[in-house]
Amino acid sequence: MFAVIKTGAKQYKVAVGDVIKVEKLDGEAGDTVALDHVLMVGDDKDVKVGTPTVSGTVVSAEILEQARASKIIVFKKKRRHNYRRKAGHRQEQTVLRITDIGKGAAKKAAPKKAAAKKAEAKVEEKKAAPKKAAPKKAAAKKAAAKKAAPKKAAPKKAAAKKKTATKAKEK
């Protein structure tokens, strides 16, 4: 059995057991992902083509790793203008192993884990927030004390005017 799925604005023909590299998906290694944008499903006898997708069909996959593609060099040049720009780019990818093709085959486990991690992060932020507020208040008090400490300097006396060279010659 095979399926044509769409993910990351690209289409992939997959079968059970295939390992593919797709645009980055949320999740960690070992998580299960449900790819529900199935364009076509087929086997030896029958082929179903979706309009635009095959309803009720889901492809489940296991995340093997989060990786980055090889570097692509972007080089721009305008001759005789001393203009050269060089930049590199590495696209982030997710390596998937297709585990099942079928109707409602997979549950979206990765988003639940991500939601749990976000909830834990919020709890940690709330705990850390009061601790950060106290040093700011102390710093504000120190700054106020420093502002009050400097005294006004005594006004400077005007310097005596120098005689110019022409007036010195006259005398």
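Overview of the structure. Owing to the predicted nature of the structure, the values given are computational and were not obtained by experimental measurement.

Considerations on the sheet that holds strand β7 (residues 57–68)
Turning to step 1, where the next piece is worked out: Pairing within the open sheet is antiparallel, and its four strands lie in the order β3-β10-β7-β4. Here the strands that pair on one side only, and so sit at the sheet edges, are β3 (19–23) and β4 (32–35). Averaged over all adjacent pairs, the angle separating strand axes in this sheet is 45°, with direction ignored.
Turning to step 2, where the next piece is worked out: Pairing between β4 and β7: four bridges, direction antiparallel. Bridging across to β7, Thr32 finds its partner in Glu62.

Quick notes on the layout of surface pockets
Turning to step 1, where the next piece is worked out: Of the voids in this model, the second largest pocket is the one considered here, and its volume is about 180 Å³.
Turning to step 2, where the next piece is worked out: Take the lining of the second largest pocket: its biggest share by element is three residues, from strand β10 (residues 92–103).
Turning to step 3, where the next piece is worked out: A per-class count over the lining of the second largest pocket returns four nonpolar, four polar and four charged.

Examining the packing of aromatic side chains
Turning to step 1, where the next piece is worked out: The full count for this structure, using the stated rule, is zero aromatic pairs.
Turning to step 2, where the next piece is worked out: The ring of Tyr83 is capped by Lys78, whose NZ or CZ atom sits 5.2 Å from the centre of that ring.

What counts as what
- Residues numbered from 1 in each chain as written.
- Predicted model: local features only at pLDDT ≥ 70, side-chain atom pairs only at ≥ 80, totals over all residues.
- Heavy atoms only, no water.
- Pairing = 2+ DSSP bridges.
- Helix = DSSP H or I, 4+ residues; strand = E, 2+ residues; numbered from the N terminus.
- Axes fitted to C-alpha atoms, helices over the stretch in contact; angles between N-to-C directions.
- 1 Å grid on protein atoms, 1.4 Å probe; cavity = no way out; pocket = protein on both sides within 12 Å on 5 of 7 lines; lining within 4 Å.
- Points joined across faces, edges and corners; volume = space filled by probe spheres on them.
- Nonpolar A, V, L, I, M, F, W, Y, C, P; charged D, E, K, R; others polar.
- Phe/Tyr/Trp six-rings, centres within 6.5 Å; stacked < 30°, edge-to-face > 60°.
- Lys NZ or Arg CZ within 6 Å of the ring centre and 35° of its normal.

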